Amino acid sequence: MFTTAKLKFFAPPADGSRAFAYIVPDPATGRRQVNWGEDIRAVEIEDVRGKEDEYSLDVCGFQYYRHPAKHTKFTDDKEIEEEYYPESIELLKKLTGASRVVIFDHAVRRRRPGAGNPEKTQPAAHVHADQTEESSIYRVHRHLPAADVPALLRGRFQIINLWRPISHPAVDWPLTVCDFRNLDMKEDLDPISVIYPDREGETYGVKYNPKQKWMYKSAMDPEDFVLFKCFDSVQDGSVAIMTPHTGFEDPKTPKDAPFRESIELRALLFYES
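Below, the structure is looked at part by part.

Thresholds, definitions, all that
- Residues numbered from 1 in each chain as written.
- Predicted model: local features only at pLDDT ≥ 70, side-chain atom pairs only at ≥ 80, totals over all residues.
- Heavy atoms only, no water.
- Core = buried A, V, L, I, M, F, W, Y, C linked by side-chain atoms within 4.5 Å.
- Buried < 20%, exposed > 50% of the residue type's maximum accessible area, 1.4 Å probe, protein only.
- Helix = DSSP H or I, 4+ residues; strand = E, 2+ residues; numbered from the N terminus.
- Contact = heavy atoms within 4.5 Å.
- Polar contact = N/O pair within 3.5 Å; in protein donor to acceptor, adjacent residues only side chain to side chain.
- Phe/Tyr/Trp six-rings, centres within 6.5 Å; stacked < 30°, edge-to-face > 60°.
- Lys NZ or Arg CZ within 6 Å of the ring centre and 35° of its normal.
- Pairing = 2+ DSSP bridges.

## A closer look at the nonpolar core
Right, so step 1: Counting residues in hydrophobic clusters, the biggest one holds 24 residues, and the most contacted among them are Tyr 84, Leu 162, Leu 227 and Ile 263.
Right, so step 2: Broken down by element, this core gets its largest block of residues, six residues, from helix α2 (residues 77-96).
Right, so step 3: When sequence neighbours within four positions are dropped, the list of residues in contact with Leu 162 reads Tyr 84, Ser 88, Leu 91, Leu 92, Phe 225, Val 226, Leu 227, Ile 263, Glu 264 and Leu 265.
Right, so step 4: Counting 19 residues, the second largest nonpolar core, distinct from the first, contains Ala 129, Val 206, Trp 214 and Phe 248.

Encoded structure:
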């Protein structure tokens, strides 16, 4: 089954300059300053419910699972870090075979139309991929002890996003992911400098390509979750490297569906040789 929705793709700066986005909103407008535009396209998105097993992390870049979380409140960041992080680390180790997992951030998103600070609290509305190779390596340096970094970078490492609905099924504004097998990394991706007050990061804007194939699992509930790759250091063509993704407005969503609420964790995963 398919749905057709409008996705916001990346349009490079018209003057050919490097794309950038400031994290802190402009005080005058309340919006983040960017120098790139949107390319809105109607895209056919396949509902994979019932055939989730056909998609795996290393082949497609994403994989769906079911496993209830012990922590279910998701209202206090400290409690999330103390309770949800440890159970998620063990879950990631079990599912991937990673020997070491370090969660470095999380975001709780509760869609509230018209609410402020949309970049943090609302579902992401632009097609993107979270990390470039450079910013992925930087994450290892930033979040691991300096003495451990050389050995960790010699082995395989990944950045994985663990995304799940909270409170109720995510019928409103579900998450869609792009199958890595249909992604042209040279043509479809443009780096974006992400400018923080104290540092600079890098992510990918994703340009529209009719060869891309987009998937979602309809009405994921809080026991459902999806793992998708932000980065994989194995780049010999044998595995998926990343997963472009975005939230989207499904025209089939019932008008009385509760607004989407979800949590995502981003974690560094390391593997023994």
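## Some words on the side chain of His 106
Right, so step 1: By the element assignment, His 106 lies in strand β5 (residues 100-110).
Right, so step 2: A distance of 3.0 Å separates a polar atom in the side chain of His 106 from a polar atom in the side chain of Asp 77.
Right, so step 3: Leave out the neighbours within four places in its chain, and His 106 touches Asp 77, Ile 80, Glu 81, Tyr 85, Ile 263, Glu 264 and Leu 265.

## A word on the packing of aromatic side chains
Right, so step 1: The final tally for this structure, using the stated rule, is eleven aromatic pairs.
Right, so step 2: Ring plane angle 40° and centroid distance 5.3 Å describe the contact between Phe 157 and Phe 231, whose orientation is recorded as tilted. Of this pair, Phe 157 sits in strand β7 (residues 157-165) while Phe 231 sits in strand β12 (residues 224-232); the two residues are 74 residues apart in sequence, bridging distant segments of the chain.
Right, so step 3: Each residue in the set Phe 9, Tyr 208 and Trp 214 is aromatic and connected to the rest through ring pairs, giving one cluster.
Right, so step 4: The cationic tip of Arg 156 hangs over the ring face of Tyr 271; the distance from NZ or CZ to the ring centre is 5.3 Å.
Right, so step 5: Positioned over the ring face of Tyr 196 is Arg 199, at 3.9 Å from the centre of the ring.

## Quick word on the pairing of β5
Right, so step 1: Judged by how many residues are buried, β5 sits mostly within the fold: eight of eleven residues are covered.
Right, so step 2: Strand direction decides the pairing type here: β5 and strand β14 (residues 261-270), joined by ten bridges, are antiparallel. Bridge assignment links Val 108 to a residue of β14, and that residue is Ile 263.

Interpretation in functional terms is not warranted from these geometric data alone.
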